[in-house]
Every structure is written in structure tokens, then in C-alpha cells.
Amino acid sequence: MNYILSIIALFSLNISIMAQSIAKLEVKAGDFDRQNIVVNAIIDNALHHKDKNLILYEIKGNQKIEVASQFTFSDHLQIHWRIDGLMKKGETRRYELRISTAETNRRNHANIRKTDDSYILFNDFRPVLHYNHAKAPLAGGIDASFSRSGYIHPLFSPSGKVLTNIQPPDHIHHYGLWNAWTSTVFRDSSVDFWNLGQRQGHVNYAGTISATQGEVYQALKTLHLHAAIDSLGNNITALNETLEVKTYQTAENINIIDYTSSFYCDDESGLYLEEYRYGGFVFRGNETWNGRTVVMLTSEGKDQDNSDGERARWCLVNETGENPSGILIMSHPLNFNHPEPLRTWNSNANRGRSNIFVNFSPIRNSDWTMNYGENYTLRYRIITFNGRWTQHNAERAWQDFAHPPVVKVIYQ
């Protein structure tokens, strides 16, 4: 009899352990209204649970509602989840992370697909962007130096419109959504990594570090080499860049992309970025976009004709026609020289055609030295959307990016 009771007690203990609560979480909206956001939290001392069936529930009164979530494991357990719809200023939402034996409602998503030329990242089953790991083909007669890899094109609106442009006849070296430095000094020589036709330097994909996919986001992490070309034609790595491109499972009318570059100089000479009017992270708009077909607005109230050289936290571009789409590009407050100066083209540039060019250029009015052995990070968020966005929409999105909600973890 005692043996049977022991077995029952042990069985009950196992059930209790498997259904145990790991932590409760509170998300506070803070001083801003929030809309369709992704939040995350680090759960200490929980790595031993990584092989368990972890489920996040939202607590609403007496109800526990399962929430789509995603977990990453490094030094800590980190949980990511979405808060859909409007979360009002000052509001608090409550959650509980539990171990469960119950069946989950997890869905299969088409998140990342690799082709011979690119990685395609999705929002559910809708393509968001192509990251190109292969060097771009060139039209006949164009010098091979103008080809590069490690860029984003096409970048799509949620309705499927292509918002980027590569190799336009006016600037063959433009590649959709990309980054490069222009006027630099490496080993006492001038190197231009941007203007590829100069044959002084280039930036290219050098390998995939990781590809992560799940219910909340998908992330592609790659290595770029910023290489100088010496007098003998040899490539010498001046800068290593780890680029992480992350897209989220979001509402049908928006796509959210985080673009994070971490630079590391492992050459003892370092890399000196000279003050120059353009260089860094840049977007070249669709070939049909110009001062008549789109309207540009910055966080400081500037437009296409007066934003060049001005600082900005974000830049918004809205189409003017029927069934419009648009893009919002945001700079993070921890970026060097934030708010960053812009390089933009006015509505008369390029003969009034195909002239939407938005460059967050932290070196526009400031030198920047990247020293040997140190890391430097630049973060940007891009939102593409259907319809038209207002200054209010853009400002709220920037606050979500720059000052996300606070998540409090309460351990059991």
C-alpha cells in the first residue's frame, strides 16, 4: 500500500513540475500609446528549461490565453512575443510563462527560404525582402567592379509592391537597401567603399552566421567584408561587419524590419571615416518615385526639398496615387551622431525622375574613427506599409523602437 501511495505521489509531483509556473511578466506601456509591438524579456536561471514545452499565457481576469511566442537561448533564456492592436499609454498587461504538457497552437510559417542568389524573409507567407548573398549580375558593357553582394532588393510593401531600386543608370553602384563608407583612410591611403567604379574598395557578403525562424520573428545574420584594394589589386579587409536582418510576424498591413550592423576592425591601423556628405545606411527608392509620385517628411518637419543636411530621427515616404504604399526609416538613439544628418535629393535632382534617396549619414558633419579591436553598432528599423502614414504614426513607431515598453519579470 505504501508503495502504491509513493508511486501516486511521485506521479503527482511530476505532473506538478511539468505544469509549473516559471515566471510572471508585466508589460507597461509607459508614456506612449503602443500599436502592434513585439516585446522581449530575459528569464534568469531558466536555461535548464530549454528542452521543456514552454508556453506563454496572457492573464485576463480568470482567463489564461496562450500567446504566440519564440525563445532564444544563449547565456539566458529570452522570450519574445507580440502584443497585437492598441496598448494605451499607462496600460499594463500581465503574462505567465509555464511548463506544460498541453498541446500548443503553434503554427508553421514560411519564414526564410534560401535560393542560389538570395535569402527570402517572410511575414507569415508574404515575402518581405530578399537579402542577396550572390554578387549582382550586370548589364553588358558595365565594368565588373560595379557588382556587389550583401544588399537588400527587392524590399516589398505588404501588398507586394517593390519599393527599392538597384543599378539605376544614373548611379550603377546603388543597391536598394545597403551600406558603405565613402571617404576613409586605411593604412594611410584613401579608400572609397561606396563608389565602386573607383576600384579603391568594396563591400561583399562573406558567409552566413545564422538563420533563425519562428512564430514571432525571423533573423538572418551574415558577415560582410569591407575590403580595400591595394596598388597590386589585392583585397585587404579593413572592416568586418556582422549584419543582422530581422523581420517580424505582424499585421497584414505592415512589415517591420530591423537592420543592425556591428562593425569590428581587426587591422591595427584602424579605419578613419572622414567627414563627408554621404555614406553609411541608405535607401534608393523605386524608379517611379519622385517629387510628384511621393511625399517625404522627416521627424523635424522637413520635406524632400529642405531635408538634405538636416538631422532626423526618422524619414517617412508616402506614395500619392491610388492604392498607395510607403516606407518609414528610423535611426536608433544609441547610434553614433544621433539624430543623424541626412543626405537626400531634392525634387529637381536627376531631372526630376527617380530621385528618392534617403541616407542616414553619421559622418556628414563629423569624423569617426573605428579603432582596432573595438565594436561599433548602428541600428535602424524600417516599416513598409499599405495606405498612407501620418506624422503621428511615424512618431509612435519611433518611440516603440527607441523607447520600448518596460517588461518586469516576477519569479515564482
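Relevant structure appears above.
Let me sum up the structure you'll find in this document. The model shown is predicted, which means the values in this text are computed figures rather than measured ones.

1. Here we look at the overall build of the chain
Alright, step 1. Looking only at helices and strands, one finds two helices and 29 strands in the chain.
Alright, step 2. Along the three orthogonal principal directions, the C-alpha set of the chain runs to about 90 × 50 × 40 Å.
Alright, step 3. Of the roughly 18700 Å² of accessible surface on the chain, 47% is carried by carbon and sulfur atoms.
Alright, step 4. Computing the positive centroid from 40 side-chain charges and the negative centroid from 43, the chain places the two 6 Å apart.

2. Some points on helix α2 (residues 391-402)
Alright, step 1. If you check α2, its first and last C-alpha atoms are 16 Å apart, about what 12 residues at 1.5 Å a residue would give, namely 16 Å.
Alright, step 2. Taking burial as the measure, the 12 residues of α2 include nine buried ones, the bulk of the element.
Alright, step 3. Those residues of α2 lying buried are Asn 393, Ala 394, Arg 396, Ala 397, Trp 398, Gln 399, Asp 400, Phe 401 and Ala 402.
Alright, step 4. Contact partners of the buried residues in α2: β2 (34-43), β6 (77-87), β18 (254-264), β23 (314-319), β24 (325-331) and β28 (375-386).

3. Points about unusual backbone geometry
Peptide bonds are, in most cases, trans, and in most cases residues other than glycine have a negative phi.
Alright, step 1. The amide bond that connects His 153 to the next residue, Pro 154, takes the cis arrangement and shows omega of -5°.
Alright, step 2. Residue Pro 339 is bonded to the preceding His 338 through a cis peptide linkage, with omega at -10°.
Alright, step 3. The topology assignment puts Pro 339 in the loop between β24 and β25 (340-344).
Alright, step 4. Although it is not a glycine, Asn 337 sits at a positive phi angle of roughly 60°.
Alright, step 5. Assignment of secondary structure puts Asn 337 in the loop between β24 and β25.
Alright, step 6. Residue class for Asn 337 comes out buried when judged on its relative accessible area of 18%.

4. Looking at the sheet that holds strand β16 (residues 217-229)
Strand pairing in a sheet relies on backbone hydrogen bonds. The paired strands run either parallel or antiparallel.
Alright, step 1. One open sheet accounts for eight strands, arranged β15-β16-β17-β18-β28-β24-β23-β21; its pairing is antiparallel. Only two strands of the sheet have a single partner each, and these edge strands are β15 (201-213) and β21 (294-298). The sheet shows a mean angle of 15° between the axes of neighbouring strands, direction not considered.
Alright, step 2. For β15 and β16, the ladder comprises 11 bridges, and the chain directions are antiparallel. Counterpart to Thr 208 in the pairing with β16 is Thr 222.

5. Quick notes on the packing of aromatic side chains
Aromatic rings considered in pairs are described by the distance between their centres and by the relative angle of their planes.
Alright, step 1. Enumeration according to the criterion identifies 18 aromatic pairs in this entry.
Alright, step 2. Consider the rings of Phe 336 and Trp 368, whose centres lie 4.2 Å apart with planes at 10°: the pair is stacked. Of this pair, Phe 336 sits in the loop between β24 and β25 while Trp 368 sits in strand β27 (residues 368-370); the two residues are 32 residues apart in sequence, bridging distant segments of the chain.
Alright, step 3. Judged by its relative accessible area of 7%, Trp 368 falls in the buried class.
Alright, step 4. Here the aromatic cluster, defined as three or more aromatic residues joined through ring pairs, consists of Trp 178, Trp 194, Tyr 276, Tyr 278, Trp 345 and Phe 357.
Alright, step 5. In this structure, Lys 246 packs its charged tip against the face of Tyr 217, placed 4.4 Å from the ring centre.

6. Observations regarding the side chain of Asn 359
Alright, step 1. Relative to the helices and strands, Asn 359 resides in strand β26 (residues 357-360).
Alright, step 2. Engagement of the side chain of Asn 359 in a polar contact is seen with the backbone nitrogen of Gly 279, the distance being 3.0 Å.
Alright, step 3. Setting aside residues up to four positions removed in sequence, Asn 359 forms contacts with Trp 194, Tyr 278, Gly 279, Gly 280, Phe 281, Val 282, Pro 341, Leu 342 and Arg 343.

7. Some points on the environment of Gln 304
Alright, step 1. Locating Gln 304 in the fold gives a position in the loop between β21 and β22 (311-312).
Alright, step 2. Leave out the neighbours within four places in its chain, and Gln 304 touches Asn 290, Gly 291, Met 296, Thr 344, Trp 345, Asn 346, Ser 347, Asn 355 and Ile 356.
Alright, step 3. From its side chain, Gln 304 meets the backbone oxygen of Trp 345 in a polar contact 3.2 Å long.
Alright, step 4. In terms of polar contacts, Gln 304 uses its side chain to reach the backbone carbonyl oxygen of Asn 346, at 3.4 Å.

8. Structural notes on the pattern of salt bridges
Alright, step 1. In the structure shown here, the tally under the stated rule is 16 salt bridges.
Alright, step 2. Note that Lys 28 is salt-bridged to Glu 26, the shortest N-O span being 3.8 Å.
Alright, step 3. Residue Lys 28 is classed as partly exposed on the basis of its relative accessible area, which comes to 36%.
Alright, step 4. By relative accessible area, Glu 26 is classed as buried at 15%.

9. Observations concerning the side chain of Gln 218
Alright, step 1. Mapped onto the fold, Gln 218 is located in strand β16.
Alright, step 2. Looking at Gln 218, its side chain comes within polar contact range of the side chain of Gln 249, at 3.0 Å.
Alright, step 3. When residues no more than four places from it in sequence are discounted, the contact partners of Gln 218 are Asn 111, Ile 112, Leu 121, Phe 122, Asn 123, Thr 212, Gln 213, Val 245, Lys 246, Thr 247, Tyr 248 and Gln 249.

The rules behind these values
Residues numbered from 1 in each chain as written. Predicted model: local features only at pLDDT ≥ 70, side-chain atom pairs only at ≥ 80, totals over all residues. Heavy atoms only, no water. Helix = DSSP H or I, 4+ residues; strand = E, 2+ residues; numbered from the N terminus. Areas by Shrake-Rupley, 256 points an atom, 1.4 Å probe, with all protein chains shown as cover. Lys, Arg positive; Asp, Glu negative; His and termini not counted. Charge placed at Lys NZ, Arg CZ, Asp CG, Glu CD. Expected span 1.5 Å × (residues − 1). Buried < 20%, exposed > 50% of the residue type's maximum accessible area, 1.4 Å probe, protein only. Contact = heavy atoms within 4.5 Å. Pairing = 2+ DSSP bridges. Axes fitted to C-alpha atoms, helices over the stretch in contact; angles between N-to-C directions. Phe/Tyr/Trp six-rings, centres within 6.5 Å; stacked < 30°, edge-to-face > 60°. Lys NZ or Arg CZ within 6 Å of the ring centre and 35° of its normal. Polar contact = N/O pair within 3.5 Å; in protein donor to acceptor, adjacent residues only side chain to side chain. Salt bridge = Lys/Arg side-chain N within 4 Å of Asp/Glu carboxyl O.

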